[in-house]
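These are the residues of each chain, in order.
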Amino acid sequence: MTDGWTVMTIFGLAIVTVITRSFFFISSKPWTLPAWAQRGLHYAPIAALSAVIIPEIVMTQGQLIATWQDARLFAALAGVGWFFWRRGVLGTIIAGMAVYLPLHIGLGW
Amino acid sequence: MTAALLLHPEFRQGVRDMAPVAAGTAAWGLMTGVAMVKSGMSLFEAVLMGVIVFAGSSQLAATPLILASAPMWVILATAFCVNLRFAVFSAHLRPYFMHQPLWRRLVSGYFTADLTYVMFTHRHPLPVSPDDIASLRAQEAYLAGNCVMGWFSWVGASLLGIALANAIPMHWGLGFAGILALLGILCSLASSRLRVVSAGVAGAAAVAAFALPLKLNILVAIAAAVAVCLVLEKPGMPPPKAGSAA
């Protein structure tokens, strides 16, 4: 069921990945960002992470969740708790999933 | 030159920084692979997408459009908008990469996904002058190590997900491990009060603007967080030292 149109679209998507990720360094014309913008970009990495993560923890199908009985909340707390107790991202993942899976699969939260 | 890059100690550092996180992103890649197959793509299409597109959010956005036979430009424009945060990252990375020839910049850009961007700018908070060859090599080696680890774990997991699509139920929610991995990195970046403010503002804005199409809420959130932090900075403060703590 593979068709040529879909394959071309997938190659197109790969090109979109290259263009968006390289957007501001494709052209080699010299220019520099104003100093305030360069300073501001130092806050961008943590902002981007937070913007990706928070909706995935507190929203369901586009709505803010209205219950505390959601496995994701407890898993996120466990993960953050682990991080500031022991450091280490792997432990954060394991602690979070150890809370998430029983609540989610077991209790259906 | 490639061998020199692989043998550089910073290459191993890049691998080492990405390795623990790879467990989480692999779970995410796994579920992306499952989702591609379950949505009805052919095996060849799913494998091709899993290997060459290398951008989870645009893959998930494009898959239903492909299956609905949407016009190609609509699919590509959607993926472009979903990926717009990478354009912001590229503005930040520009001074690090401009000494390279165009093809090399495009390769660097292609492989620099969210986490590599975060880790690279954390490890190397400032670009170096093009004359400082030793530091340039260290940065290139770190980036390469980080990308190699990230690419293999993501693509390997996607392929595994494609292979096991019918054995892994979506409702288990294994993909949440990816969110926890990002959460761990978020905590490790929260090394100054303004950074915590940035995370808080961005999280709230991303939820408030969630109704925007094409994941543009993420772009709005980054802009809001950066603007608030710039306003809160004391005038005349030196640039924040990224990576000084944690």
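Predicted, not measured: the structure shown is a model, and the values here were computed from it.

Trainee: Can you lay out the environment of A:Ser27 for me, pointing to particular residues and giving the numbers?
Mentor: The topology assignment puts A:Ser27 in the loop between α1 (4-21) and α2 (35-41). Note: C-alpha distance between A:Ser27 and A:Ala98 (71 residues apart in sequence) is 47 Å.

Trainee: Residues and numbers for the packing of helix α3 (residues 43-52) of chain B against helix α9 (residues 133-163) of chain B, please.
Mentor: All names here are of chain B. At a closest axis distance of 9 Å, the pairing of α3 and α9 adopts a crossing angle of 165°. Here α3 lies roughly antiparallel to α9, going by the angle between them. Helix-helix and strand crossings are classified by hand; for α3 and α9 the assignment is right-handed. Across the interface between the two elements, Ala46, Val47, Gly50 and Val51 of α3 pack against Val155, Ser158, Leu159 and Ile162 of α9. Tallied by class, the residues present in the contact of α3 with α9 amount to six nonpolar, two polar and no charged.

Trainee: Give me the lowdown on the nonpolar core, citing residues and values where you can.
Mentor: Ranked by internal contacts, the top residues of the largest apolar core, which has 100 residues, are A:Ala47, B:Leu186, B:Ala202, B:Ile222 and B:Ala225. Of all the elements, helix α2 (residues 9-38) of chain B adds the most residues to this core, at 13 residues. Both domains that meet at this core, namely domain 1 (2-189) and domain 2 (191-246) of chain B, each give it at least three residues. Setting aside residues no more than four positions away along its own chain, B:Ile222 makes contact with A:Ala44, A:Ala47, A:Ala48, A:Ala51, B:Arg85, B:Val88 and B:Ala202.

Trainee: Give a description of α3(B) that names residues and reports values.
Mentor: Every buried residue of α3(B) is accounted for by B:Glu45, B:Ala46, B:Met49 and B:Gly50. For α3(B), the arc enclosing every buried residue in end-on projection is 125°, short of the 170-degree limit, so these residues lie on one face. Lining the buried residues of α3(B) we find α1 of chain A together with α2, α4 (56-67) and α9 of chain B. In the stretch just after α3(B), B:Phe54 is the one whose phi turns positive, near 55°.

Rules behind the numbers
- Residues numbered from 1 in each chain as written.
- Chains lettered and ligands numbered in written order.
- Predicted model: local features only at pLDDT ≥ 70, side-chain atom pairs only at ≥ 80, totals over all residues.
- Helix = DSSP H or I, 4+ residues; strand = E, 2+ residues; numbered from the N terminus.
- Axes fitted to C-alpha atoms, helices over the stretch in contact; angles between N-to-C directions.
- Parallel < 35°, antiparallel > 145°, perpendicular 65-115°, else oblique.
- Left-handed = near helix turned anticlockwise from the far one by under 90°.
- Contact = placed C-beta atoms within 7 Å.
- Nonpolar A, V, L, I, M, F, W, Y, C, P; charged D, E, K, R; others polar.
- Core = buried A, V, L, I, M, F, W, Y, C linked by C-beta atoms within 7 Å.
- Buried ≥ 20, exposed ≤ 12 C-beta atoms within 10 Å, placed from the backbone.
- Domains from an automatic or database assignment.
- Arc of directions from axis to C-beta.

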